[in-house]
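Geometric and topological summary
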Amino acid sequence: MKKIVAIIALFCSVAVFAQNEQLAFNYFEKGEFEKALATYQDLEKKQLGNTFFIQKIVACQQQLQKYQEAEKYLKEKIERTNQPLLYVELGYNYQLQKDMGKAEKNYNLAIKAVSDNPSYAYSVANAFEQKVLLEYAIKAYDTATSINKSMNFDYQLALIQGQLGNTEQMIDKLLSYAYNNQQSLVVVQNQLSRFMNEEGSDTFNASLRKALLLNTQKTQDIFWNQFLSWYFVQQKEYGKAFIQEKAIFKRNPDMFLNIVNLGRLAKDEHEDAAAREILAFVMENTDEPSIKMSAEFDLLEMDIAIAQPKDYPSIKQRIDSLLAQYGTTPYSLKLQLQKADFEGFYLKDTKAATQTLNTALGLQLNRYQTAEVKMKLSDILLLDEKFNQAIIYYAQIEEDLKNDAVGHEASFKVARTSYFKGDFEWAQKQLTVLKSSSSQLIANDALELFLLILDNTVEDSTQTALKKFAKADFKLYQNKKDEALAVFKDLVEKDTTESIKDVTHIRLGEIYDSKGQYDLALQNYQQVIDKYKEGIYVDEALFFSAEIYNKKLNDPEKAKPLYEKIIFEHQDSIYFVEARKQFRQLRGDTNS
């Protein structure tokens, strides 16, 4: 019993101590330095010699301009603890009083302590860094390594050089550290990616690429090819990453899966040319059925996305041939789902699609595979305008996978189905919850649909224009582009609801773009750019216009200012990162 009481008492004292520490922190953050000082002094009495508390006490005293008290306190603590980092604190206390002679004397005493015992380098250099005395921090690390050659501070020195703006030295030290400590590669890459993604990082990216290329040329170690491949992936230059991965594969065939994953990534990022080249290489260099089937699936998916009706028979034949080769089993489920999707949305044969999916449901599937099949079946039922049946299947998935991304997707599709039906009030209730979904994609889609309904209910309480728009959106879902086009054009030309005009022009632009009528697409996007500058769709209009000029009309000079406008005026846009990448490429920043 006594032991239990003692344990409880210990836990209580620890909890109280933690609360007091948080209280001291809060006082300090709010600028209540007298209260913070008293609290930190109480904490330090319970943990004598705790350098963190000593530093906080001194910081409070300095904020209160009690420099003599801080000096006396630090000298006592140096005598008692013999912690050299306190020389840094004492030196800084003199520096605040503009006594640089005494300040430098104490800074040098801290450096001397490192020279006597290199293990002090971490704490002393860290103390210098906290005071932004970066040259002294470098000196502390260099002093330690000059005495103990086995110590390595490349990572710490790299970050300091970064703070000083010496990016080339930072890169060299980070790369050196990564090579010598390959278990820390991810840490280094995360640090580099922060600098790569900062605004105005063009010079940094060019320096990093140059350093990686030099290391690749200097040594045959595939570590540098892998690092360079990682760099190109960050830049979304998948073709260049593929060159590195092929070089790695030639020397180490066990790294083949990296190429497989790169192909999938390029496809997911809609870099179709690079994806096709990589997937073709995958097909030629493997006999593994699962890898081959996955590559076939990805190639089919890209072909379907750009297929014209004349291409449909040959695509159907390819799918049937693959299923005959791999069999109708859980192993080939992705192909079966692809077959059903193609039958329903492209061949308009919902009966065949439903039959394909019902066959799949008869297989030995796990709960996630079952959810995938039911989701596709719901999509086909919706395509067939069987709204209520579709909602029933979506709701089953929602119930089976409540707190899962798949469940959230089903919830969104329930809301979207209600929107297609014209039941906007129920759709809004669903979307209100989904806006805060942990799945960013679902949250973005939910917010976009929520705002569409909200904006067009405020101006038009009868929701007449919104009903027409939802009807046209449903036609788009059914892949009936010409019918959707007619309704959207009617909305623009005849409806007086102003709030729906900008998004209608976006839809028209997207349809004309998909039909290869780029002039009409650009005209509609320009309407949004000119008339709805303050609206929420202007960044889409700018980006989609830039993409047409850049990738379809081969007119980079017209694309550049549109990308640039997104970079400088729409930094919160979901298209910001891609716009910046394309702008840099057009400007010539990422040429190797």
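Here the structure is a predicted model, which means the values were calculated and not measured.

1. A closer look at the overall build of the protein
Counting its regular elements, the protein contains 32 helices and zero strands. Taken over C-alpha atoms, the radius of gyration comes to 32 Å for the protein, far larger than the 25 Å a tight globule of 592 residues would show. Considered along the principal axes of its C-alpha atoms, the protein spans approximately 85 × 65 × 60 Å. For the protein, the residues scored as buried account for 48% of the 592 residues in total. Across the protein, every contact between residues at least 6 apart in sequence was considered, and the portion connecting residues at least 24 apart equals 52%. Across the protein, the 72 positively charged side chains and the 83 negatively charged ones have centroids separated by 3 Å.

2. Description of the packing of aromatic side chains
The full count for this structure, using the stated rule, is 36 aromatic pairs. Centroid distance phenylalanine 345 to tyrosine 477: 5.3 Å. Interplanar angle 85°. Geometry classified as edge-to-face. Remark: tyrosine 477 occurs in helix H26 (residues 464-477) and phenylalanine 345 occurs in helix H19 (residues 333-345); sequence separation between them is 132 residues. You can call phenylalanine 345 buried: its relative accessible area is 9%. For the ring pair phenylalanine 420 and phenylalanine 474, a centre distance of 5.2 Å and an interplane angle of 55° mean the geometry is tilted. Taken together, the residues phenylalanine 420 in helix H23 (residues 405-421) and phenylalanine 474 in helix H26 connect sequence positions 54 residues apart. The two residues phenylalanine 420 and phenylalanine 474 agree in class, both being buried. Connected via pairs of aromatic rings, a cluster forms that spans Phe345, Phe387, Tyr419, Phe420, Phe424, Phe474 and Tyr477. Here the guanidinium or amino end of lysine 56 rests over the ring plane of phenylalanine 28, the centre of that ring lying 4.2 Å away.

3. Observations concerning the nonpolar core
One broad trend across soluble globular proteins is that nonpolar side chains are buried collectively. Counting residues in hydrophobic clusters, the biggest one holds 80 residues, and the most contacted among them are Tyr419 and Leu431. Setting aside residues no more than four positions away along its own chain, tyrosine 419 makes contact with Phe424, Ala427, Leu449, Leu452, Ile453, Leu466, Phe469, Ala470 and Asp473.

4. What about the pattern of salt bridges?
Applying the stated criterion across every chain, the model contains 36 salt bridges. Put simply, glutamate 271 and lysine 581 hold a salt bridge, and the shortest N to O gap is 3.0 Å. Here glutamate 271, found in the loop between helix H15 (256-268) and helix H16 (272-284), pairs with lysine 581, found in helix H32 (residues 576-587); they are 310 residues apart in sequence, far enough to count as distant. Under the relative-accessibility criterion, lysine 581 is labelled buried at 11%.

5. Some thoughts on unusual backbone geometry
Not every positive phi belongs to a glycine, and glutamine 65 is a case in point at roughly 60°. On the secondary structure map, glutamine 65 appears in the loop between helix H3 (51-63) and helix H4 (67-81). In this structure glutamine 65 comes out as exposed when scored by relative accessible area, which is 58%. If you check the backbone angles, lysine 348 has positive phi at about 60° while not being a glycine. Turning to its location among the elements, lysine 348 is positioned in the loop between H19 and helix H20 (350-361).

6. A closer look at the packing of H16 against helix H17 (residues 289-306)
It is the contact of H16 with H17, at a shortest axis distance of 10 Å, that shows an interaxial angle of 150°. Classified by the interaxial angle, the pair formed by H16 and H17 is roughly antiparallel. Here the hand of the crossing between H16 and H17 comes out left-handed. For the pair H16 and H17, contact is made by Asp272, Ala275, Arg276, Leu279, Val282 and Met283 and by Ile291, Lys292, Ala295, Glu296, Asp298, Leu299, Met302, Asp303 and Ile306, respectively. Tallied by class, the residues present in the contact of H16 with H17 amount to nine nonpolar, no polar and six charged.

7. Some thoughts on the environment of valine 406
By the secondary structure assignment, valine 406 is in helix H23. Distance from valine 406 to alanine 371, taken between C-alpha atoms, is 7.8 Å for residues 35 residues apart in sequence. Contact partners of valine 406, with chain neighbours within four places excluded, come to Tyr368, Ala371, Met375, Ile397 and Leu401.

8. A look at the environment of isoleucine 500
On the secondary structure map, isoleucine 500 appears in the loop between helix H27 (481-494) and helix H28 (501-514). According to the relative accessible area criterion, isoleucine 500 is buried, its value standing at 0%. Along the backbone, isoleucine 500 and phenylalanine 469 are 31 residues apart, and their C-alpha atoms lie at a distance of 8.3 Å.

9. Quick notes on the confidence of the model for the protein
Taken residue by residue, the protein gives an average pLDDT of 90. The fraction at 70 or more is 96%. In this model, residues 4-14 is a region of pLDDT below 50 whose contacts with residues beyond four sequence positions or in other chains number zero contacts.

10. Focus: H26
With 14 residues, H26 ought to run about 20 Å at 1.5 Å a step, and its terminal C-alpha atoms sit 20 Å apart, in line with that. All of the buried residues in H26 are Ala465, Leu466, Phe469, Ala470, Ala472, Asp473, Phe474, Lys475 and Tyr477. In the stretch just after H26, asparagine 479 is the one whose phi turns positive, near 65°.

11. Concerning H20
Spanning twelve residues, H20 covers 16 Å between terminal C-alpha atoms, matching the ideal 16 Å at 1.5 Å per step. Taken together, the buried positions of H20 are occupied by Thr350, Ala352, Ala353, Thr356, Leu357 and Ala360. Seen end-on, H20 carries its buried residues on one side only, within an arc spanning 165°. Every exposed residue of H20 that faces more than 90 degrees away from the buried side is listed here: Lys351 and Gln355. Each element contacted by the buried residues of H20 is listed here: H19 and helix H21 (367-383).

Rules used throughout
Residues numbered from 1 in each chain as written. Predicted model: local features only at pLDDT ≥ 70, side-chain atom pairs only at ≥ 80, totals over all residues. Heavy atoms only, no water. Helix = DSSP H or I, 4+ residues; strand = E, 2+ residues; numbered from the N terminus. Rg over C-alpha atoms; globule rule 2.2 N^0.38 Å. Buried < 20%, exposed > 50% of the residue type's maximum accessible area, 1.4 Å probe, protein only. Contact = heavy atoms within 4.5 Å. Lys, Arg positive; Asp, Glu negative; His and termini not counted. Charge placed at Lys NZ, Arg CZ, Asp CG, Glu CD. Phe/Tyr/Trp six-rings, centres within 6.5 Å; stacked < 30°, edge-to-face > 60°. Lys NZ or Arg CZ within 6 Å of the ring centre and 35° of its normal. Core = buried A, V, L, I, M, F, W, Y, C linked by side-chain atoms within 4.5 Å. Salt bridge = Lys/Arg side-chain N within 4 Å of Asp/Glu carboxyl O. Axes fitted to C-alpha atoms, helices over the stretch in contact; angles between N-to-C directions. Parallel < 35°, antiparallel > 145°, perpendicular 65-115°, else oblique. Left-handed = near helix turned anticlockwise from the far one by under 90°. Nonpolar A, V, L, I, M, F, W, Y, C, P; charged D, E, K, R; others polar. pLDDT = per-residue confidence, 0-100. Expected span 1.5 Å × (residues − 1). Arc of directions from axis to C-beta.

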